[in-house]
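So the chains spell out like this:
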Amino acid sequence: MKVGDKHYRTIWVNEDGWSVDLIDQRWLPHELRIENVRTVDGIATAIRDMWVRGAPLIGVTAAYGVAMRMREDASDAALDAVWEQLHETRPTAINLRWALDEMRGFLRDIPEADRAEAAYRRAAEIADEDVELNRSIGRNGLEIIRQIAARKKPGEPVNILTHCNAGWLATVDFGTATSPIYHAVEEGIAVHVYVDETRPRNQGAQLTAWEMAGHGVPHTLVVDNAGGHLMQHGMVDMVIVGTDRTTADGDVCNKIGTYLKALAAKDNNVPFYVALPSPTIDWTVHDGVKEIPIEERSGDEVSLVWGKDEDGKVRQVRISPEASPAGNPAFDVTPARLVTGLITERGIADASPEGLAKLFPDRAKSNAA
């Protein structure tokens, strides 16, 4: 995507050929800050402290972390150690484990002397693959928007509600839930996006809204609890969200609050779609509510917020009593019965074991064996 007139991915190898540059998303939308990360510990911090976030981007960042470690120590012991170190940074997003497994499995058969070069090459391939997966998600989701637009009056926009940030900032480029939106805009289809703030870290208000504004997409920022009201009054044609882990049965784990949006959509007959690249599917898990670990983050994210003051300084302020403890589950699980369809790079699947297996028979079969 472009920021101003310059194209950006969210992460790339620095001109030195080995360290990694990334967009530190903690400072958006007020400042575009590029950080140069030169150590595996730095990669772990970037993932854990959400300099980068979004399941696909977390996976790619971890892949580069493995490459960095192979540059320092290409032994099997180091490979196993970096897998463990990076895996524990974020427990919910399955792309993290997928990318680490992919890197370790690939490098096991590479002689130690060649591992560093091979690791950087494979990490770059994973990044490029993510871009193409999301591009394909956009093309497949575009067909849904086309069908809705065809039923609208001339010039009337397709109204889309999204949650959190499943945009290019959550991936390497294009995004998942936003990719169909960007494709629709490029095709000239009138769209309007309701962006909910997504407390507690406000990824909707700070990231998705920034993306929409930068790409020229008509949008309105709303509070999290406005979604049901908008649906009741016929102001939403469809909901598209992303996911950090989807089970083999079609349950969807995504940013906290997604479940409530799905319930409101079901009650108001609004189609609820989830956009995901296939590495986000966890074929080993079937019951999302019981089996997916839900990350519990610091209560400070609930009690404190970042913003820009009247002097233009970005700072943090407290919004709750200091004596009040805060709970902060980062994700919830939306049962498959509430999901209209899963938009993947291979097409749109029913949120069911049969629907996913139809699009991905090779992976469903290998994990059932």
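See above for the structure.
Computed from a predicted structure; not experimentally measured. (Residues numbered from 1 in each chain as written. Predicted model: local features only at pLDDT ≥ 70, side-chain atom pairs only at ≥ 80, totals over all residues. Heavy atoms only, no water.)

Draft legend 1. Spotlight on the sheet that holds strand β16 (residues 331-334). In spatial order, the strands read β13-β10-β11-β16; together these four strands make up an open sheet with mixed pairing. The sheet is open, and its two borders are formed by β13 (281-282) and β16, each paired with just one other strand. Sheet topology note: the strand β11 (residues 252-255)/β16 ladder contains four bridges and is antiparallel. Note that in β16 the partner of N254 across the bridge is D332. (Pairing = 2+ DSSP bridges. Helix = DSSP H or I, 4+ residues; strand = E, 2+ residues; numbered from the N terminus.)

Draft legend 2. Quick look at the nonpolar core. Within the largest apolar cluster, 44 residues are counted, with the highest numbers of intra-cluster contacts made by Y64, V66, M70, L86, M103 and L107. At the level of elements, β4 (20-23), α1 (40-48), α2 (55-72), α3 (76-87), α4 (94-108) and α5 (112-150) are the ones that each hand at least two residues to this core. When residues in this core are grouped by element, the largest group, eleven residues, is from α2. Excluding residues that lie within four positions of it along the chain, M70 makes contacts with S75, A78, L79, L107, R115, A116 and A119. (Core = buried A, V, L, I, M, F, W, Y, C linked by side-chain atoms within 4.5 Å. Buried < 20%, exposed > 50% of the residue type's maximum accessible area, 1.4 Å probe, protein only. Contact = heavy atoms within 4.5 Å.)

Draft legend 3. α3, seen in detail. A rise of 1.5 Å per residue sets the reference length of α3, with its twelve residues, at 16 Å; its end C-alpha atoms lie 16 Å apart and thus fit the reference within 8%. Against the buried residues of α3 lie α1, α2, α4 and α5. (Expected span 1.5 Å × (residues − 1).)

Draft legend 4. Structural detail: unusual backbone geometry. L28 connects to P29 through a cis peptide bond whose omega is 5°. Relative to the assigned elements, P29 resides in the loop between β4 and β5 (34-37). In this model, R199 is joined to P200 through a cis peptide bond whose omega is 10°. Within the fold, P200 resides in the loop between β7 (191-196) and α7 (203-215). One non-glycine residue, M50, lies in the positive phi region at around 65°.

Draft legend 5. Local environment of the pattern of salt bridges. Per the counting criterion, the structure on display carries 27 salt bridges. A salt bridge links D80 to R108, with the shortest nitrogen-to-oxygen separation between them at 2.5 Å. Of this pair, D80 sits in helix α3 while R108 sits in helix α4, and the two are 28 residues apart along the sequence. Note on D80: relative accessible area 28%, which makes it partly exposed. The residue D282 makes a salt bridge to R245 at a minimum N-O spacing of 2.9 Å. Of this pair, D282 sits in strand β13 while R245 sits in strand β10 (residues 245-247); the two residues are 37 residues apart in sequence, bridging distant segments of the chain. Exposure remark for R245: the relative accessible area of 6% places this residue in the buried category. Salt bridges linked by common partners bring D76, D80, R104, R108 and R115 together as one network. (Salt bridge = Lys/Arg side-chain N within 4 Å of Asp/Glu carboxyl O.)

Draft legend 6. The pairing of strand β14 (residues 304-308), seen in detail. Where β14 meets strand β15 (residues 314-318), five bridges bridge the pair, whose relative direction is antiparallel. Across the sheet, W306 pairs through a bridge with Q316, a residue of β15. Taken together, β14 and the strand that follows it, β15, pair antiparallel across an intervening segment of five residues, in which G312 is found at a positive phi of about 85°.

Any functional reading would require information beyond the geometric quantities listed.
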